[in-house]
Structure formats: structure tokens, C-alpha cells
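# Coordinates in review
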Amino acid sequence: MSSSTPAPASPRPERVLLVEDDDLMRRSFTVALERYGYRMKAAADGLAGLELFRDESFDLLILDVMLPGLDGIGLCRRVRETSLVPVLMMSARGDGLDVVAGLEAGADDYVVKPVDTYVLVARIRSLLRRATYAPSPDPERATGDGPSPSERELLVFGDLTIDTGGLEVFVSGNPVALTPTELKLLLEFAAHPGIVLERHTLLRDVWEYGWDGDSRVVDLCVQRLRSKLGRDRIETVRGFGYKLRR
């Protein structure tokens, strides 16, 4: 009796929690994202969303800012107390205060409503790629040449240590928890120490924006990094961007 090699298992569909109080929008987003292969759960208010988040495991959260009971910003803060799961905020058009508040609360990115499905899916895919980010294999290490892994994987900048292989960050020897977006931004700085990186470059390379995006996303993520790593580690170069101090 001949045997055959079983086909590889399909990747596990990503689980997405959508918290949106508008019934029509919640249903339309749920149906649209399910067509793209995402496993959707939805809640109509912040407290119900928080309960779902605590009861189940999700790969990404989409939170509307304006929610009854517990708003999206408050919900994002509650999520960040225990989890680094990627968070995408949805804001009403032109409401800059909501955008800033959501990003300060720990959101990774935002979209402005009304939003086309393809834009929403693009932002989701970008966030999920950051959440599963892994450094490219080093060809020298693959051949057995060059320094040992312990020498190659640790980047040290004063009291800041970055383990690029283990994707871990330490300040004065103490571990620091970073969201996937914060970690990727820090790795981008660490790959170019002492070099000024412009905001539009960071939007392209970290957030994967194929167009000019909102530079507040960069500014507020840098602000969050400074609160965790020390305010002097990432320097502002006015009129240009930011650089990591050696």
C-alpha cells in the first residue's frame, strides 16, 4: 500500500476582535474581513469588548474611538495593562484629538472613517507582519563564519541592550516590554545608530505606508519609546527626524 506525504497544514487564520457600536458598520466590517480569511469576533461597546478580550485570545484588535460604556481609548489602555497585542484605532474624520489620544494610549496605528476595506486590510496585514517580525538570517552565521551568536546578536548603546536574535530589550539589565511596532521602530534606529531617520522614511519602513502618512504616528511612538528607554536615548533633530544616540 503506497503512502503519500500529507499536505502541510494551512496557516492558522488570524483572530480579530472588532469593537464598533454602529450596527451597520460592525456587520459590514465583519463580513468583509471574514471574506479575507480572518476569524472575527465583534462587540458593540467597550465593556463587552474588554470581556471578550479577557476571555479569548486574539491576534489583533480594531477599536472605534467613540464607544458607549468604555470608550476605545480607555479600552486600549486596559488592554495595554496586560497585553502587547497589535491595536488599530478607528477615528471619525478630522478628529485629530482622538488620533493623538489613541496613539498615546498604546495603539499601533489608526484609520479614519469611512475607510475602504482594502485600506483596512492593508493596515491589518502590516500590523500582523510586525507582530510576527523576525530578523533576516545572517549569511555569515549560516556558513559558520564571523563572530559567535552572542557577539553578533547583542547591540549595546549605553545602558540599552537589544538582543536582535531573541527580540528582547533591556535597560540597565532589566527587561523592557515593547509592542511589536515599538520594537520594530527601535530595531530600525539600532540598524542606523547616529544617523538621522526622517519621519517619512520611518513611515515607509516601519508602518509600511506606501504614501505620505500622518507623522504623528511616528512622533507618538517615539514618545512611548522614550518613556520606556529613557528620554535621552532617541534624539530629535528638528526639521528632519530622529536618531538613536550611540
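Before going into details, it helps to say that this report is about the structure given with it.

Glancing now at the overall build of the chain. Helix and strand content of the chain: ten helices and twelve strands. Within the chain, contacts between residues at least 6 apart in sequence are counted, and of these 59% link residues at least 24 apart. For the chain, the computed accessible surface area is about 12900 Å², with 51% contributed by carbon and sulfur atoms.

This part covers the environment of Val-111. When you line up the elements, Val-111 lands in strand β5 (residues 109-113). Counting along the chain gives twelve residues from Val-111 to Val-99, while the straight-line C-alpha distance between them is 8.9 Å. Other than its neighbours up to four places away in sequence, Val-111 contacts Leu-88, Met-89, Met-90, Ser-91, Leu-120 and Arg-123.

The full count for this structure, using the stated rule, is 15 salt bridges. Here Glu-56 and Arg-15 are joined by a salt bridge, their closest N and O atoms 2.4 Å apart. In this pair, Glu-56 is assigned in the loop between α2 (46-55) and β3 (60-64) and Arg-15 in strand β1 (residues 15-19), connecting sequence segments 41 residues apart. Arg-15 sits in the buried class, given a relative accessible area of 14%. Shared partners join several salt bridges into a network, and the residues in it are Arg-15, Lys-41 and Glu-56.

Following both chains from N to C, one finds helix α4 (residues 96-104) and helix α10 (residues 216-229) inclined at 30°, their axes separated by 9 Å at the closest point. In the crossing of α4 with α10, the sense of the turn from one axis to the other is right-handed. Across from Gly-96, Val-99, Val-100, Leu-103 and Glu-104 in α4, the residues of α10 making contact are Arg-216, Val-217, Leu-220, Gln-223 and Arg-224. Within the contact of α4 with α10, the residues separate by chemical class into five nonpolar, two polar and three charged.

Judged by pairing direction, the sheet is parallel, and its five strands sit side by side in the order β2-β1-β3-β4-β5 without closing on themselves. Looking at strand neighbours, the two that pair on one side only are β2 (39-43) and β5, the edges of this open sheet. Ignoring strand direction, the axes of neighbouring strands in this sheet form an average angle of 20°. Inspection of the sheet shows strand β4 (residues 87-92) paired to β5 by five bridges, in the parallel sense.

Cut-offs used in this document
- Residues numbered from 1 in each chain as written.
- Predicted model: local features only at pLDDT ≥ 70, side-chain atom pairs only at ≥ 80, totals over all residues.
- Heavy atoms only, no water.
- Helix = DSSP H or I, 4+ residues; strand = E, 2+ residues; numbered from the N terminus.
- Contact = heavy atoms within 4.5 Å.
- Areas by Shrake-Rupley, 256 points an atom, 1.4 Å probe, with all protein chains shown as cover.
- Salt bridge = Lys/Arg side-chain N within 4 Å of Asp/Glu carboxyl O.
- Buried < 20%, exposed > 50% of the residue type's maximum accessible area, 1.4 Å probe, protein only.
- Axes fitted to C-alpha atoms, helices over the stretch in contact; angles between N-to-C directions.
- Left-handed = near helix turned anticlockwise from the far one by under 90°.
- Nonpolar A, V, L, I, M, F, W, Y, C, P; charged D, E, K, R; others polar.
- Pairing = 2+ DSSP bridges.

Spatial relationships are all this shows, so hold off on functional conclusions.
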